[in-house]
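Below, each chain spelled out in residue letters.
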Amino acid sequence: MNNKSDKLLSLQIAGLQGFYWMIFCPIYSFASVYLLSRDFSNQKIGWMMASSSVAAIILQPALGALIDRYKKYSPKFVMTCLSAVCLILLCGVIWLDVGMLGMAVMYVGVLALLLTMQPLVNALTFEYINAGHDVSFGVTRAAGSILFAVLSTLLGVWVGKASTAILPIICLVLFACYFLLLQNFNTVSTPVSADKRTGEDERIPLDQSVGFLRRYDRFVPFLFGCMFIFLFHNVINTFLAQIIASVNGNDTQFGISLTIAAVCELPAFLGFSWLAARIETRSLLKASGIFYALRSFIFLLAGSVWMVNFGQVLQGLSFAIFIPGSVYYINQIMHEKDRVKGQTFVTGASTVGSFFGSVIGGWLLDHSGVHGLLIYGSIAAVIGGFLLVYAIRKPKPQAKMQVIEEPS
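Residues numbered from 1 in each chain as written. Predicted model: local features only at pLDDT ≥ 70, side-chain atom pairs only at ≥ 80, totals over all residues. Heavy atoms only, no water.

> Mind showing me how you'd approach helix α13 (residues 319–333) here?
Owing to its 3.6 residues per turn, the α-helix aligns residues three or four sequence positions apart on the same side. For α13, with 15 residues, the first-to-last C-alpha span of 21 Å sits near the 21 Å given by 1.5 Å per residue. Most of α13 is tucked away, with 15 of its 15 residues classed as buried. (Helix = DSSP H or I, 4+ residues; strand = E, 2+ residues; numbered from the N terminus. Expected span 1.5 Å × (residues − 1). Buried < 20%, exposed > 50% of the residue type's maximum accessible area, 1.4 Å probe, protein only.)

Right under this line is the structure:
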């Protein structure tokens, strides 16, 4: 592939990741701050976040299967459609006076579609990688963390000095830029020889007589591990503002805490390709599960803002390893025809965890306080870490498996 065109493509994908995670910052990470200012209770906020997770759980595997089955429905086409709907809903959140219920429905709609797009952004990146383009997933994903870090710091200051009303407006502007950038991506055709672009090729042949979830060894417990890990992750992300407040922090310190986590992601994202060339992806994923459990105990024992921020530092050894690691792992072990579906199942399992983190976490926050919330999150992180260590392994040889080719 042309080196100059690949550099331009890398910049485009980095821009797409950057805009996606900047959108995520005001609408998701600052959701509690915005919705509390609109008189929503913690429990209602939990239900709203959970409802968006449920909708995404339904949409993610459905759209993944659609993309895998029908080539005309590419990740770019689906993301363009979802982005257009989000723009309309955000206009409603900003300018329509439809009461709390109406605003909740529109806000949940934006969150659900944003979560649904997450595996599609990754799938789009790997379309180009598998086609032989010299693109690093970790480096492009790092762009998202850099821009998220900058924006979260600015939002913490702006919200503290001005009003939470700026949050959906900023989100609308960012979504418009994201929509326009999507239109610059060209259709990709993946050559057969491109499968080894992402590391050691561990895929097993495609056996259509076996159901998808049974086709890959220990994939189901891996999904449960993802679910429990992201239950904890969502507890921290959704209710970080309340956790910071419980140790006498403010909105500015909340923004700084988000920034610390985002900055600490950068070394892992930027260096993941280098790490994966020296350490097996499976080992990196197992390590991320262990660090998730360790991180949960730091939050549980935190009695000050600096202790919370120390927990945020470990985002670089947990979340930042898990995200590219899981994407590479699925791309390595799964047949080409299952990859988008596999990515959406992983994201779907993570979204199920987010659902329980939001619903039960919001209820616990109102009834047991921050400490009860963090005990709940710690239990989930330990279970998730154990399941990842158990489930992640090299696939068993499948020499006798029948390979069934679909007619062209």
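> So what exactly am I meant to see when it comes to the packing of aromatic side chains here?
The relative placement of two aromatic rings is captured by the distance of their centres and the angle of their planes. Scanning the model with the defined rule gives 20 aromatic pairs in all. Here the aromatic rings of Phe219 and Phe222 are separated by 6.2 Å at their centres, their planes lie at 25 degrees, and the arrangement is stacked. Taken together, the positions of Phe219 and Phe222, both in helix α9 (residues 219–246) and three residues apart, correspond to about one turn of that helix. Each member of the pair, Phe219 as well as Phe222, carries the same accessibility label: buried. Look at Phe230 and Phe319: their rings are 6.4 Å apart centre to centre, the planes differ by 65 degrees, and that puts the pair in the edge-to-face class. Within this pair, whereas Phe230 is found in helix α9, its partner Phe319 is found in helix α13, the two being separated by 89 residues in sequence. Judged by relative accessible area, which is 5%, Phe319 ranks as buried. (Phe/Tyr/Trp six-rings, centres within 6.5 Å; stacked < 30°, edge-to-face > 60°.)

> Would you mind going over the environment of Val382 with me for this structure?
Inspection of the secondary structure puts Val382 in helix α14 (residues 339–391). Look past the residues within four positions of Val382 in its chain and what remains in contact with it is Ala293 and Phe297. (Contact = heavy atoms within 4.5 Å.)

> Looking at this structure, how should I read helix α1 (residues 3–29)?
With 27 residues, α1 extends 37 Å from end C-alpha to end C-alpha; this agrees with the ideal 39 Å at 1.5 Å per step. When you tally the buried positions in α1, you get 19 out of 27 residues, the bulk of the element.

> Would you explain unusual backbone geometry in this entry?
Comment: phi is negative for the bulk of residues other than glycine, and the bulk of peptide bonds are trans. A positive phi angle is found at Asp39, which is not glycine, with a value near 70 degrees. Assignment of secondary structure puts Asp39 in the loop between α2 (31–37) and α3 (42–69). Accessibility expressed as a relative area gives 63% for Asp39, which makes it exposed. Of note, the phi angle at Asn248 is positive, near 65 degrees, even though the residue is not glycine. Note on placement: Asn248 falls in the loop between α9 and α10 (251–276). On the basis of relative accessible area, Asn248 is assigned to the exposed category, the value being 73%.

> What is the right way to look at the pattern of salt bridges in this model?
Pairs may arise between side chains of opposite charge once their charged atoms sit close together. By the definition in use, this model includes one salt bridge. The residue Arg282 makes a salt bridge to Glu280 at a minimum N-O spacing of 2.8 Å. Among the residues examined, Glu280 registers a relative accessible area of 42% and is labelled partly exposed. (Salt bridge = Lys/Arg side-chain N within 4 Å of Asp/Glu carboxyl O.)

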